[in-house]
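The primary structure of each chain is shown beneath.
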Amino acid sequence: MGRKFFVGGNWKCNGTIDEVKKIVSTLNEAEVPSQDVVEVVVSPPFVFLPLAKSSLKPDYQVAAQNCWVKKGGAYTGEISAEMLVNLGVPWVILGHSERRALLNESNEFVGEKVAYALSLGLKVIACIGETLEQRESGSTIAVVSEQTKAIADKVSNWDNVVLAYEPVWAIGTGKVATPAQAQEVHAELRKWLEQNVGAEVAATTRIIYGGSVNGGNCKELAGQPDIDGFLVGGASLKPEFIDIIKSATVKKNA
Ligand SMILES: O=C(CO)COP(=O)(O)O
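The name given to the protein chain in an unreviewed UniProt entry is Triosephosphate isomerase, and the organism recorded there is Protea cynaroides. For the protein chain, the Subunit (unreviewed entry) comment in UniProt is given as "Homodimer." Per UniProt, the protein chain carries the Sequence similarities (unreviewed entry) text "Belongs to the triosephosphate isomerase family."

Okay, structure coming up:
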């Protein structure tokens, strides 16, 4: 089976009730390719998840932007995977570089989170990516392989995992990876999966790109053989997110 194109919209820590309603109506009014062609998952902040989930048309799914590493309990301020299941939220983003950098989430901690969320039946968008310093020192592949290994060490079934390659230097900077730069890392990641997890997982796991994706650069990126979709930040709050969703057809016609 081919890898269905995947477009995630990470709203990060943005939005008001009125803004959420506006984005939802833009999405609901848009004519997007069918769910056979593209899987679209939007990720509002926790507090807006029920509103987004109940008002979006069925073409769109929702994701949380994080969850706690194990069963809920005395963890003030955290949101548990059990709560997401209870709310009917199917997806969660884990290991985003902003959390790795600002909240010191280690590779191992992210691996544990991914495994726990999967064990409860959640689907996971697992984020990895190198900093500018790491890229410039030539350690990009070593860094993303290490991050992927920490996930693979804890996860036995990859069916519900989407791997998001998000170079930190491209996030929110307007400095998008070139299609060739992104393709190179995606191909290496697929090779890593093949050699360390298995050929089937390598062939079927979607590896999506994130970092300054917009309506203008999405088509060329989508045309790369190992880019199976996007995780979009800033542009997912704007009408051009629709153009990014539509870039799925580039792949279909390839
Ligand atoms: O971090 C990102 C998505 O998770 C990317 O953010 P930008 O698209 O704003 O660069």
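Closest axis-to-axis distance for the helix α7 (residues 140-152)/helix α8 (residues 179-196) pair is 10 Å, and the angle between their directions is 45°. Considering the angle they form, α7 stands oblique to α8. Note on packing geometry: the crossing formed by α7 with α8 is right-handed. Contacts between α7 and α8 involve T140, I141, V144, S145, T148 and A152 from the first element and V185, E188, L189, W192 and N196 from the second.

Across the two faces of strand β8 (residues 229-232) the burial is the same, with G229 and L231 and F230 and V232 all buried. Where strand β1 (residues 5-10) meets β8, four bridges bridge the pair, whose relative direction is parallel. Bridging from a neighbouring strand, G8 pairs with L231 of β8. Sheet topology places strand β7 (residues 206-210) next to β8; two bridges connect them, and they run parallel. Within β8, the residue paired with G210 across the bridge is L231.

All right, on to helix α1 (residues 17-29) then. Between its first and last C-alpha, α1 extends 18 Å over 13 residues, near the 18 Å set by a 1.5 Å rise per residue. Along α1, the positions that sit buried rather than exposed are V20, I23, V24 and L27. On an axial view of α1, the arc spanned by its buried residues comes to 100°, and they lie on one face. Turned more than 90 degrees away from the buried face of α1 sit D18, S25 and E29, all of them exposed. Contact partners of the buried residues in α1: α2 (49-55) and β3 (60-64).

The terminal C-alpha atoms of helix α5 (residues 107-119) lie 18 Å apart, and with 13 residues this matches the ideal 18 Å at 1.5 Å per residue to within 8%. Taken residue by residue, α5 has V110, G111, K113, V114, Y116, A117 and L118 as its buried positions. Contacts from the buried residues of α5 go to α3 (81-87), β4 (91-94), β5 (123-128) and α7. Immediately downstream of α5, the backbone of G121 shows phi near 95°, a positive value.

Contacts to the ligand come from 14 residues, most closely from N10, I171, G210, G233 and G234. A class-by-class count of the residues in the shell around the ligand yields five nonpolar, eight polar and one charged.

Calculation criteria
Residues numbered from 1 in each chain as written. Predicted model: local features only at pLDDT ≥ 70, side-chain atom pairs only at ≥ 80, totals over all residues. UniProt positions renumbered as here; feature names shortened; annotations may be inferred. Axes fitted to C-alpha atoms, helices over the stretch in contact; angles between N-to-C directions. Helix = DSSP H or I, 4+ residues; strand = E, 2+ residues; numbered from the N terminus. Parallel < 35°, antiparallel > 145°, perpendicular 65-115°, else oblique. Left-handed = near helix turned anticlockwise from the far one by under 90°. Contact = placed C-beta atoms within 7 Å. Buried ≥ 20, exposed ≤ 12 C-beta atoms within 10 Å, placed from the backbone. Pairing = 2+ DSSP bridges. Expected span 1.5 Å × (residues − 1). Arc of directions from axis to C-beta. Near = placed C-beta within 6 Å. Nonpolar A, V, L, I, M, F, W, Y, C, P; charged D, E, K, R; others polar.

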